[in-house]
Amino acid sequence: MTIMAGGFGLCGIPENLIAAIRDTGVKDLTVISNNCGVDDFGLGILLASGQIRRMISSYVGENKLFAELYLSGRLELEFNPQGTLAERIRAGGAGIPAFFTRTGVGTLVAEGKEIRTFDGEDYVMERGLTADLSIIKAWKGDGEGNLVYRMTARNFNPMMATAGRVTLAEVEDLVEAGCLDADHIHTPGIFVDRLLVGAAFEKRIEQRTIRQREGA
């Protein structure tokens, strides 16, 4: 099964849905996500339980277990430039099977892929991405599935909402239909199949840096 999981680092991740997947014990998952959480949180808990077979990602540098599994051959990995990953997901959700980009031309990213020349420049073809299931996190939602994300927690979530055959969204605040300003809705309910209110959110900070204020 292929699952898209929203979030960037630990920001805007569907914490409760990830835990629910862990509790099912399902194995051999392919997970599409910008990164794979940290060793004991986010998608990292699915790595620890041995449930992920393959990752399609952009950045995995914060997870030591990820590195160990990959280097030992127990985890498959498809690396993507971050913008390419975002566009592959957006394209999949828009029904676009493939597109051409200059990013990655002449590097390992382009190996085995079609290269085409436009206006004197080489471009590599990338395939759109879809998933059997998208799990996403929103700040607010209504009973019709309309979603609002908060600040940078928007990240990959709106794109993934469109690219899953089934989309599950967890929200912090569930309101009555009609309470959300139509101009503020980021994901229309037509893309959301199931909605739940998260039981709890840790919202961990991946890297905390504290700088002494001048004159303090």
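Going by the structure above, here's the rest.
If you're wondering where the values come from, they're calculated on a predicted model, not measured in any experiment.

Student: Hey, could you go over the state of the cysteines for me, with residue numbers and the actual values?
Tutor: Taken as a whole, this structure holds zero disulfides when the rule is applied. Of all cysteine sulfurs in the structure, the one in Cys36 sits closest to Cys11, which takes part in no disulfide; the separation is 17 Å.

Student: Explain the sheet that holds strand β5 (residues 98-101) residue by residue, including any values.
Tutor: Spatially, β5-β7-β6 is the arrangement adopted by the three strands of the open sheet, whose pairing is antiparallel. A single partner strand is all that each edge strand has here, and the edge strands are β5 and β6 (115-118). Recorded for the sheet is a direction-independent mean angle of 40° between the axes of neighbouring strands. Of the strands in this sheet, β5 and β7 (121-127) are in contact with helix α4 (residues 82-93), which crosses β5 at around 155°.

Student: Which residues make up the packing of aromatic side chains, and what values do they have?
Tutor: What the rule picks out here adds up to two aromatic pairs. Centroid distance Phe100 to Phe118: 5.3 Å. Interplanar angle 65°. Geometry classified as edge-to-face. You can see Phe100 sitting in strand β5 and its partner Phe118 sitting in strand β6, a full 18 residues away along the chain. Classification of Phe118 as partly exposed rests on a relative accessible area of 34%. Among the aromatic residues, ring-to-ring pairing joins Phe100, Phe118 and Tyr123 into one connected group. The positively charged end of Lys137 is found above the aromatic ring belonging to Phe201, 4.9 Å away from the centroid.

Student: Quick one: what's the story with the pairing of strand β8 (residues 131-142), residue by residue and with numbers?
Tutor: Of all 12 residues in β8, nine are buried; the element is thus mostly enclosed. Sheet analysis places strand β1 (residues 2-5) next to β8, joined by three bridges and oriented parallel. Across the sheet, the residue bridging to Met4 is Ser134, located in β8. Sheet analysis places β8 next to strand β10 (residues 164-175), joined by 10 bridges and oriented parallel.

Student: How would you sum up unusual backbone geometry? Please name residues and give values.
Tutor: Its identity is not glycine, yet Asp119 carries a phi of approximately 50°, on the positive side. When you line up the elements, Asp119 lands in the loop between β6 and β7. Of note, Met151 is a non-glycine position whose phi angle comes to about 50°, a positive value. The topology assignment puts Met151 in the loop between β9 (147-148) and α5 (157-163). Given a relative accessible area of 62%, Met151 falls into the exposed group.

Parameters and conventions
Residues numbered from 1 in each chain as written. Predicted model: local features only at pLDDT ≥ 70, side-chain atom pairs only at ≥ 80, totals over all residues. Heavy atoms only, no water. Disulfide = S-S within 2.5 Å. Pairing = 2+ DSSP bridges. Helix = DSSP H or I, 4+ residues; strand = E, 2+ residues; numbered from the N terminus. Axes fitted to C-alpha atoms, helices over the stretch in contact; angles between N-to-C directions. Contact = heavy atoms within 4.5 Å. Phe/Tyr/Trp six-rings, centres within 6.5 Å; stacked < 30°, edge-to-face > 60°. Buried < 20%, exposed > 50% of the residue type's maximum accessible area, 1.4 Å probe, protein only. Lys NZ or Arg CZ within 6 Å of the ring centre and 35° of its normal.

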